[in-house]
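# Report on the structure
These are the residues of each chain, in order.
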Amino acid sequence: MRSVKTIRDAGIVARPNDVVVVGAGIVGLCCGLALQERGLSVTLIDRGEPRGQASFGNAGVISPGSILPLAGPSVWRNFGRYIGGHEAAVRLRWSALAASMPWAIGFLRASNEGSQLRSATALAPFTAAGPSAHIALADRFGLRQYYRYGGWLKLYRDRAAFDAGKRERALLADHGIKAAALSAAELTDLEPSLDARFTHALWITDALSVDSPGALLERLFESFAAGGGTIRIGVADQIIQEDDQVVVKVGGEGFDGRFGVLAPGAWAKHLLQPLGYRLPLAVERGYHRHIDWRADTRLQRPIHDAGGAYVIAPMGDGVRVTTGVELALIDDPPDFRQLESAVAEARRTLPLGDDVPESTWLGCRPSTPDGLPVIGFAPRHDRIVFAFGHGHIGFATGPITGTIVADLISRRPAPVPIEAFSPDRF
Ligand SMILES: Cc1cc2nc3c(=O)[nH]c(=O)nc-3n(C[C@H](O)[C@H](O)[C@H](O)COP(=O)(O)OP(=O)(O)OC[C@H]3O[C@@H](n4cnc5c(N)ncnc54)[C@H](O)[C@@H]3O)c2cc1C
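Being a predicted model, the structure only gives us computed values, none of them experimental. (Residues numbered from 1 in each chain as written. Predicted model: local features only at pLDDT ≥ 70, side-chain atom pairs only at ≥ 80, totals over all residues.)

## Some words on the overall build of the protein
Each helix and strand in the protein was counted, giving 14 helices and 24 strands. Compactness check: the protein gives a C-alpha radius of gyration of 21 Å against a globular reference of 22 Å for 426 residues, within 12% of the reference. In terms of its C-alpha atoms, the protein occupies a principal-axis envelope of roughly 65 × 45 × 40 Å. (Helix = DSSP H or I, 4+ residues; strand = E, 2+ residues; numbered from the N terminus. Rg over C-alpha atoms; globule rule 2.2 N^0.38 Å.)

In structure tokens:
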């Protein structure tokens, strides 16, 4: 095995690697940490723009109950609203739809009860492992202070909306996920600052949440470096598998390992095409903004207003309002209308202070048609592992993905079933 050259930006002279990981969002970073825990030497390669990562700007919810993929029977009921641009949860850009045709076809094919049920069944053990895998990581590095333990709430504005969630509640019960239906009065007892317009709520009691996903990521990054990990800031532009090694090229520089892990989030398509893979991936963009607390306002846990399609997540220094989906290309210019309407709705839900200047953010969820991640060895490269496509649940499931990837590379059985996540399924 060739040894790696000097790592310019980090000022570190690297050892020969066991594994090279591309992407240091929550998924890649957790892969690196889990591999390190097995005693393997790891190089992490990342473009080095933390604010550009979905892992930085998400709502920080870690819920065992996030098992229903977006593709489901309701897509057909709401189709007219999507097309007309009247649905707050999903905005479409036609150019992106045209460029993501294989994804769109797969998504529509998966939009039925049977497929949604199959995805939910495949996701349940994975999301169930999310909270404990986070806590294990937090305990390993002394990071418990970033976590909240009060679950999370889905809010409904009328009985009809609550009744429409009956199937979801039944599925959660089938999978043993603890959820309590709350009346308006019970909701007020739990979260007194919320507006009285919500008639019902669903409380996923075992969910965790994080006060600052970006700060947590920074601490994990530092832990990876402190554990002897090598970090290279740069764009990986070529991946080559030779007989017994994988070489990742960053400009003219090569980084080699016995294995490569691709965890590039929404940028997966760019890396996969030169390797000869055309997976039906798309980008579900989302926005956030921070708003100051008002002195008399409290919120103990994140909330999702099903009618307004936004999340309000309490963060250390204010709240973060996040939006639903904008189906767009990764580099399309931002369109802040979805965010503005989410913020206006959020202000009706909770008395809030001023917008935090320059806190508006846009990020990209890496999306697959069936809402399942892609985790497994590349079909035609036995030294490259794929770990991307985590859509709406990547922050919650990053740590368990890390464990799975480390198990795959160490030839151990995965801690949860992963057959449904195989790259071969497309
Ligand atoms: C508004 C919003 C709210 C969300 N809320 C939640 C939530 O509450 N809970 C939850 O679980 N999930 C949530 N998500 C989803 C979650 O954020 C993502 O699923 C997750 O962050 C994906 O992590 P990742 O590591 O795969 O990707 P990323 O965090 O995007 O990281 C990928 C990294 O790879 C790097 N990279 C890509 N290509 C290359 C290359 N060629 N060379 C070098 N580096 C490269 C990128 O620079 C980036 O740093 C939300 C997402 C959004 C947008």
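## Brief notes about the nonpolar core
Of all hydrophobic cores here, the largest spans 126 residues; its most connected members are Val21, Cys31, Val261, Leu262, Ile312, Ala387 and Val405. For this core, the element with the most residues is helix 7 (residues 113–141), which contributes 10 residues. Apart from residues no more than four positions distant in its own chain, valine 405 is found in contact with Cys31, Ala34, Val261, Ile375, Val385 and Ala387. (Core = buried A, V, L, I, M, F, W, Y, C linked by C-beta atoms within 7 Å. Buried ≥ 20, exposed ≤ 12 C-beta atoms within 10 Å, placed from the backbone. Contact = placed C-beta atoms within 7 Å.)

## Focus on the environment of tryptophan 267
Positionally, tryptophan 267 belongs in the loop between strand 16 (259–262) and helix 12 (268–272). Under the C-beta neighbour-count criterion, tryptophan 267 is labelled buried, with 23 such atoms within 10 Å. The spacing of tryptophan 267 and tyrosine 147 is 120 residues in sequence and 28 Å in space, taken between C-alpha atoms.

## Here we look at the site of the ligand
In the region of the ligand, 42 residues are neighbours, and Gly23, Gly25, Gly265, Gly286 and Gly394 sit closest. Counting only elements with at least two residues in the shell around the ligand, the list comes to helix 1 (26–37), strand 4 (42–46), helix 2 (54–57), strand 17 (282–291), strand 22 (361–367) and helix 14 (394–409). (Near = placed C-beta within 6 Å.)

## A word on the pairing of strand 10 (residues 200–204)
Of all five residues in strand 10, five are buried, a share of seventy percent or more. Taking every second residue as pointing to the same face, both faces of strand 10 are buried, with His200, Leu202 and Ile204 on one and Ala201 and Trp203 on the other. Here strand 8 (residues 152–156) runs beside strand 10; their pairing, made up of five bridges, is antiparallel. Bridging across to strand 10, lysine 154 finds its partner in leucine 202. Pairing of strand 9 (residues 179–183) with strand 10 involves five bridges; the strand directions are antiparallel. Paired with leucine 182 across the bridge in strand 10 is alanine 201. (Pairing = 2+ DSSP bridges.)

## Description of the sheet that holds strand 4
Sheet architecture is open: six strands sit in the order 12-4-3-16-24-23, paired in mixed fashion. Of all strands in the sheet, those bounded by a partner on one side alone are strand 12 (230–233) and strand 23 (374–378). When the angles between neighbouring strand axes are averaged without regard to direction, this sheet yields 20 degrees. Helix 14 contacts strand 3 (19–22), strand 16, strand 23 and strand 24 (381–388) of the sheet and is inclined by roughly 175 degrees relative to strand 24. (Axes fitted to C-alpha atoms, helices over the stretch in contact; angles between N-to-C directions.)

## Quick look at helix 6 (residues 101–109)
For helix 6, every residue scored as buried is listed here: Trp103, Gly106 and Phe107. Angular distribution of buried residues about the axis of helix 6 spans 100 degrees; they occupy a single face of the element. What points out from helix 6, more than 90 degrees from its buried face, is the exposed set Met101, Ile105 and Arg109. Buried residues belonging to helix 6 abut strand 17 and strand 22. (Arc of directions from axis to C-beta.)

## With respect to unusual backbone geometry
Positive phi, close to 55 degrees, is recorded for alanine 309, a residue that is not glycine. By the secondary structure assignment, alanine 309 is in the loop between strand 18 (303–305) and strand 19 (310–315). With 19 C-beta atoms counted inside 10 Å, the residue alanine 309 sits in the partly exposed group. If you check the backbone angles, arginine 411 has positive phi at about 60 degrees while not being a glycine. Residue placement: arginine 411 occurs in the segment after helix 14.

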